[in-house]
Amino acid sequence: MIRHIFTAFERSFRFIALIWWIYIIDFLICAVFGVQYSLNYFGLAPRTAQGLFGIVTMPFLHGNFLHIIENSMSLFVVLVPLYLELSDRFRMPEVIIKITVVSGSLLWFMGRGDSIHIGASALVYGLIVYACIAGFKYKRLSLLAFGAAAIFFSGGGLLMGIIPSDPQVSWDGHLMGAIAGAIVIFSERNLNDDRCSTRYPEPN
Amino acid sequence: MDDGVGRWLGGPICTEFHYWGFMRLNFRTQNVTLVT
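Residues numbered from 1 in each chain as written. Chains lettered and ligands numbered in written order. Predicted model: local features only at pLDDT ≥ 70, side-chain atom pairs only at ≥ 80, totals over all residues. Heavy atoms only, no water.

Caption draft 1: Inspection of the overall build of chain B at higher detail. Along the backbone of chain B there are one helix and one strand. When burial is assessed residue by residue, chain B has 50% of its 36 residues classed as buried. If you sum the accessible surface of chain B, you get close to 2,100 Å²; carbon and sulfur atoms cover 50% of it. (Helix = DSSP H or I, 4+ residues; strand = E, 2+ residues; numbered from the N terminus. Buried < 20%, exposed > 50% of the residue type's maximum accessible area, 1.4 Å probe, protein only. Areas by Shrake-Rupley, 256 points an atom, 1.4 Å probe, with all protein chains shown as cover.)

Caption draft 2: Quick peek at the packing of aromatic side chains. Residues and elements named next belong to chain A. Inspection of every chain in the model, using the stated rule, returns nine aromatic pairs over all chains. Look at W20 and F65: their rings are 5.8 Å apart centre to centre, the planes differ by 80°, and that puts the pair in the edge-to-face class. Of this pair, W20 sits in helix α1 (residues 2-33) while F65 sits in helix α3 (residues 65-86); the two residues are 45 residues apart in sequence, bridging distant segments of the chain. Note on W20: relative accessible area 21%, which makes it partly exposed. Since its relative accessible area comes to 37%, F65 is described here as partly exposed. On the basis of an interplanar angle of 85° and a centroid distance of 5.4 Å, the ring pair of F42 and F53 is categorised as edge-to-face. Here F42 is found in the loop between α1 and α2 (53-57), whereas its partner F53 is found in helix α2, with 11 residues between them in sequence. Owing to a relative accessible area of 41%, F53 belongs among the partly exposed residues under this scheme. Chaining the aromatic ring pairs together yields one cluster made of W20, Y23, F27 and F65. The ring of Y138 carries R89 above its face, with NZ or CZ at 4.3 Å from the centroid. (Phe/Tyr/Trp six-rings, centres within 6.5 Å; stacked < 30°, edge-to-face > 60°. Lys NZ or Arg CZ within 6 Å of the ring centre and 35° of its normal.)

Right under this line is the structure:
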């Protein structure tokens, strides 16, 4: 069990560390060459050719320290319970890539024009919706409780995030992330078979 | 601002950039808004 928790922490940290490395590189680029060379230009600009980069890069780009802190904490809070509860059924890299590509593609087609979307919040929304629906699909009450707690403790902020409010908030990105999370979990084969009968892997 | 990655990409050119601020990202570009 301890080993399982350790693995959940380790895998979540690995992904979040990747985001931080890119942020540090961007920080150094801005410090040395100037902000006009910021990697944030590679964010997702809907319906533009250069914006296609953003489908893949958007979750890794952050505007400032507070932004990346917020998203890192959110990612950690959602990734760890998902892995703890679903164990190896939750293939973290695969789910992250799927949600990123689906939400990015939807946002590229339907997002607000004249804007560059950056940040991992679309992925966070996708993972929260993924967790909630996975709770129903795999009959894991704890994941449903986690979703309810996330909404409750955010003071409804999670729901507010998907409706137009602040023009500098990528509400459309959040919305597409949430839709992508639903698409990804519904497209998953229901793995109520022998492979998933063991909730926690046996220690080696 | 001037020619950087944005111009190289044929994309937006930054005119105002509060990058180092600790508060919410609040920089706008000539043609687009950066949203988070």
